[in-house]
Amino acid sequence: MKLASSYMRSIIVAVLTLFLFAACTKDEKPSEQNLYEKLRLVQYIENEHHRIGVYSRSGTLTVGYNDVYFQLEDKQGNVLYPASMSWLPMMYMSSGHSHSCPHADIAIADKASWFQAFAIFTMASEGDGDYWQLEFTYVLNGQSYQLLGRVSVRPSPRRTLQQFLGADGKSYVIALKAPSEPIVGINEMEVGLFQSHMGHHIEEVKDYIIKIDPRMPTMGNHGSPNNTDLTYHPNGFYKGNLSLTMTGYWRINMVLLNQLGETIKGEPITEDNESSSLYLELEF
Amino acid sequence: MFNKYIGAAVFMLLCLHAIGQESLSDTLTPVSLDEVIVIAPRQTPAQKVKPYGSVDDYLESSGVLNMLRRGPYAAEPLINGMSSERSIITIDGMRIYAACTDKMDPVTSYVEITNLSAAHIQSGAMGSSGASIAGSIDLQRRKSHFGSTKNNFGLFSGYESNNQLKLLGASGTFRRKTYYADFDLSMRDAENYRIGGGAKQAFSQYSKYNMGATLGWRTSSRSEIVFSSIYDRAVDVGYPALPMDVRLAEAMIASVQYRRKPLKENLAEWTTKLYGNHVRHIMDDSQRPNVPIRMDMPGRSTTLGGFSQLKGQKNGQHKWRLDLNGHFNRSYAEMTMYANHPGEKDMFMLTWPDVHTYYVDASIDDTWRLASGMHARVSLGLAAQRNQVANEMGLQSLRIFYPEMRPAINRLLKRGGLTVHWHQKIWNAELGLSCAERAPSVSEAYGFYLFNSYDGYDYLGNPNLAKESAVAMQAAWKLQLSRLSAGLQLNQHWLHNYIVGMPQAHYNAMTIGAAGVKQYEQLTAAQIFNAVLQLSYRPHRLLLWDAQWTYRYGDGRNFGPLPMIQPLSYRSWWHGTFRQWGLAFGLEGAASQRRVSIISGESGLPAYVLLHANAYYRWQGSWGKFLIKGGVDNLSDRYYTTFADWNRLPRPGRNIYLHLNWEW
């Protein structure tokens, strides 16, 4: 009889779990509001009138792709609603060089209190010598303001970005945008591919093809099936399917082909070649 | 009741002995040539080679079964030359699902001889336990019965020299008019064994503890309730043929059964049972010195179920049985690999993605008398089965390979059979035809990179597999003369949609060093033929010779020989008994095997012959009954391996053993 009741109980639990699960599924899509609530402050940058809160999901900025969020406030912390805002992330180096990095223009979100952009930081801050500075221009109540301040960009524990010279003699930057939270299964992979001219003029590279071959070097360099080539999408990034069969450290080997199908960078993985010279890393 | 078991000592060679010839000719008794292996450590047949051997040793004596060994412990029973997915093993009708993805824990490994009274082996699809292709084994619990006050106790012990196996068991029975209680306890502990020639086989140690209890309560003159439970725990079990060992294999098995008999004039018996069991299995490789990567592979399986069975008869012409049974199982197994580079995250995957199985089954079985000395048995069954992948991560993992895969699959499994039985004064024959369908096993449908160390491939489950089906034809004939008895059993299985792993060149192996990936696919046709011949001759009152020959043949269309198929094998014993003494010599061997499944990693095998000998002495005194039995296995210390040894693992060499039993 005891067994019978435990059986009944497990059925009841199972049914309840099902309901709970159904209930959860409905709420799964986080609303915009939720997204902003989850953001963590990286730091404030101030001028004599206002301050800008720089936010990210992790509360830090790291080498590679970063979604960055901003909010303009007065000195008392009241949220302000500027009519427009633009920015430029700049790296100043002790050698006297300076350069920017691939980034998006600031988009004004619905409520216009939050501003959003991305930046692909190509290197980490290094003390006071090599530093990143965010330079903002905004219009508030018809008046234009400038605001700038240093931010710290941390090195990434894994390779999320690679700068390289292509076979065509041009300089490229490739950076991993997604998956930011990889799952075991098929992930949508998204990378940004940019060309830089003398480190200043940075532009998207369109309509190349990126072949991917994810491998686990610690587990006999085995791969995974059903990955697809990454192709250019109108949002400015390359998208494709990335299969990850287990958690752990994955090296995503890549071969970059231009519009003519010529190899710009990278080699296929073979018995003798464990790794491509073009790769990004994931660990989860 | 126990007398019956003593009388059944010869069961080892001939199953028909227990069937009384007289009772057959006139009344309707459901006779079948299905095999019953009596396992009765108390009141044991002294002629049994090793009365206190393992359950595996007992099962191996059947001509229908082969015990596939990955080590000295927990052999996988193959019925009629088919792997364990194709059969069902139950304990008193209770379903248990093993918890190991690598078949290191068949259901038979979670019981001990002290728990059991018999193993009922049924070939083909005529069983009531569910949808199976090859057959079924029902392990019957040892139970006493109600009666006048009596308490019995037993104690046995043994030692085997080859692997320093120490075994110890105790049992107690308390019988009263309105209740009974049975308790048993046993343990086995073995070191590494020595192969023929004397070398030690590393990683072949094991320890096993087992406890069982049964409580019977007579609720009225016609009804009873029986509670039964088993706790089994094996630790530090080596599997020398595999790259990993087992730290823990543990099962908790419990049931409560209500039985009422007779209900009415034509309703003989009604039995209803509820049961539950939980199995935990933890593989580990921490004892292995050289592994490319350390890993843990724990698995667990929980089953809840019940059945209700009604038996009745009509006019002495029909004897029928109605069965309704159902169960729910969840099987979960995972694998964590620890990277050799410090600071790197562990690699984790689900090898069984928390598969939920819901199963309901109804079957009817009727034996009716056609004429004097002839009756027929018809059996029909229908089951509904649902498999569901309950773990989201597991589902996403499988969807890498099967993007369209749905989390749940429903199947309807049909089975049926007809047997005609003739019984005359000195002979007995049976001719049967049955067909059945089965659903793919958890590993076959949902296994994720399960490494098979025999062929060196990682195996991928395939949720799109269709049902496997089989038509089986069975013929058996038995002859019983005063000095001579003979038995011949033939069966042929034609399988459709035979499930087997096939290499997939386009996938990368996950396991370091693996040859590639195999995915479960289906052969349109496969066939398996089995033949068992048994002879027994008594030239003198004190002398008995018995022998058994077994041969199997398996072939798959566009595949070739099926794996794990027994070549011609034989076993022959001379038994001499004089008063309280007994002496026996045995010969056991197999012909060479050239017909092997190369795709499954098999290679040819040479022939071998082994010699065995044993002797016993038993006496009865005021202190109770005693048995002392000693013997030698593999007398010539021959190095050998068989078709049923994983990776051609060598078997033990010479082994001297001594078993003692005391009952009071």
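Computed from a predicted structure; not experimentally measured.

1. Observations concerning the overall build of chain A
1) Next: In terms of helices and strands, chain A carries 2 helices and 22 strands.
2) Next: For chain A, the proportion of its 284 residues judged to be buried stands at 32%.
3) Next: Sequence separation of 24 or more characterises 52% of the internal contacts of chain A that already satisfy a separation of 6 or more.

2. Considering the overall build of chain B
1) Next: A count of helices and strands for chain B gives 5 helices and 32 strands.
2) Next: For 664 residues, the compact-globule formula gives about 26 Å, and the C-alpha radius of gyration of chain B, at 24 Å, lands near that figure.
3) Next: Seen through its principal axes, chain B has C-alpha atoms that stretch 70 × 55 × 45 Å.
4) Next: Buried positions account for 50% of the 664 residues belonging to chain B.
5) Next: Of all intrachain contacts in chain B linking residues separated by at least 6 positions in sequence, the fraction that spans at least 24 positions is 65%.

3. Some words on the sheet that holds strand S9 (residues 131-140) of chain A
Residues and elements named next belong to chain A.
1) Next: With respect to topology, 4 strands assemble into an open sheet ordered S6-S5-S9-S10, the strand pairing being antiparallel. Two strands close off the open sheet at either side, each with one partner strand: strand S6 (98-99) and strand S10 (143-151).
2) Next: Pairing geometry for strand S5 (residues 84-92) and S6, over 2 bridges, is antiparallel. The residue of S6 that forms the bridge with Met91 is His99.

4. Thoughts on the nonpolar core
1) Next: Counting 175 residues, the largest nonpolar core has Val191 of chain A together with Ala119 of chain B as its most contacted members.
2) Next: Setting aside residues up to four positions removed in sequence, Ala119 of chain B forms contacts with Ile37, Ile39, Tyr58, Leu59, Ile137 and Leu139 of chain B.

5. Quick notes on helix H4 (residues 392-401) of chain B
Turn by turn, an α-helix covers 3.6 residues, leaving residues three or four places apart pointing in a common direction.
1) Next: Here H4 of chain B lies mainly inside the structure; 7 of its 10 residues are buried.
2) Next: Residues of H4 of chain B that are buried sit in contact with strand S14 (185-197) and strand S19 (238-244) of chain A together with strand S17 (347-371), strand S18 (374-389), helix H5 (442-446) and strand S22 (457-460) of chain B.

6. Focus: the pairing of strand S25 (residues 516-540) of chain B
A regular strand places its side chains on the two faces of the sheet in alternate fashion.
Residue and element names in this part refer to chain B.
1) Next: Sheet topology note: the S22/S25 ladder contains 4 bridges and is parallel. Residue Tyr457 lies in a different strand from S25, and its bridge partner there is Gly516.
2) Next: In this structure, strand S24 (residues 484-504) lies alongside S25, joined through 20 bridges in antiparallel fashion. Bridge assignment links His493 to a residue of S25, and that residue is Ile528.
3) Next: Pairing of S25 with strand S26 (residues 543-556) involves 13 bridges; the strand directions are antiparallel. By the bridge assignment for S26, Gln527 is matched with Asp555.
4) Next: Connecting the antiparallel pair S25 and S26 is a turn made up of 2 residues.

7. So, the confidence of the model for chain B
All names here are of chain B.
1) Next: Mean pLDDT for chain B: 90, with 94% of residues reaching 70 or above.
2) Next: Below pLDDT 50 for its whole length, residues 1-31 participates in 57 contacts with residues either more than four positions away or in separate chains.
3) Next: The ipTM value of the predicted complex is 0.83, and its pTM value is 0.86.

8. Considering the interface of chain A and chain B
1) Next: Each partner contributes to the interface: chain A provides 24 residues, whereas chain B provides 31 residues.
2) Next: Elements supplying a minimum of two residues to the side of chain A that touches chain B: helix H1 (2-27), S14 and strand S17 (222-223) of chain A.
3) Next: With 4 residues, H1 of chain A is the largest single contributor of residues to the side of chain A that touches chain B.
4) Next: Here the residues of the side of chain A that touches chain B sort into 11 nonpolar, 12 polar and 1 charged.

9. Section: the sheet that holds strand S6 (residues 116-123) of chain B
All names here are of chain B.
1) Next: If you walk across this open sheet you meet the 5 strands as S1-S6-S7-S4-S5, and the pairing is mixed. Where the open sheet ends on each side, the last strands, each with one partner, are strand S1 (35-38) and strand S5 (94-95).
2) Next: Judged from the 4 bridges that link them, S1 and S6 form a sheet pairing that is antiparallel. Paired with Val38 across the strands is Ala118, a residue of S6.

10. As for the environment of Met283 of chain B
Residue and element names in this part refer to chain B.
1) Next: The topology assignment puts Met283 in strand S14 (residues 267-284).
2) Next: On the basis of neighbour counts, which here come to 26 C-beta atoms within 10 Å, the residue Met283 falls in the buried class.
3) Next: Taking the C-alpha atoms as reference points, Met283 and Met295, 12 residues apart in sequence, are found 8.6 Å from one another.

11. What about the environment of Ile598 of chain B?
Residue and element names in this part refer to chain B.
1) Next: With respect to the element layout, Ile598 can be found in the loop between strand S29 (581-590) and strand S30 (608-621).
2) Next: Using a count of 12 C-beta atoms within 10 Å as the deciding quantity, one classes Ile598 as exposed.
3) Next: Residues Ile598 and Pro563, spaced 35 residues apart in sequence, show a C-alpha to C-alpha distance of 8.3 Å.

12. A closer look at the environment of Thr173 of chain B
Residue and element names in this part refer to chain B.
1) Next: Relative to the assigned elements, Thr173 resides in strand S9 (residues 165-175).
2) Next: For Thr173, a count of 20 C-beta atoms within 10 Å corresponds to the buried category.
3) Next: Placed 22 residues apart in sequence, Thr173 and Asn151 show a C-alpha to C-alpha distance of 5.5 Å.
4) Next: Sequence-distant contacts of Thr173, defined by excluding residues within four places in its chain, comprise Ser144, Asn151, Asn152, Tyr180 and Asp182.

Quick notes on the rules
- Residues numbered from 1 in each chain as written.
- Chains lettered and ligands numbered in written order.
- Predicted model: local features only at pLDDT ≥ 70, side-chain atom pairs only at ≥ 80, totals over all residues.
- Helix = DSSP H or I, 4+ residues; strand = E, 2+ residues; numbered from the N terminus.
- Buried ≥ 20, exposed ≤ 12 C-beta atoms within 10 Å, placed from the backbone.
- Contact = placed C-beta atoms within 7 Å.
- Rg over C-alpha atoms; globule rule 2.2 N^0.38 Å.
- Pairing = 2+ DSSP bridges.
- Core = buried A, V, L, I, M, F, W, Y, C linked by C-beta atoms within 7 Å.
- pLDDT = per-residue confidence, 0-100.
- Nonpolar A, V, L, I, M, F, W, Y, C, P; charged D, E, K, R; others polar.

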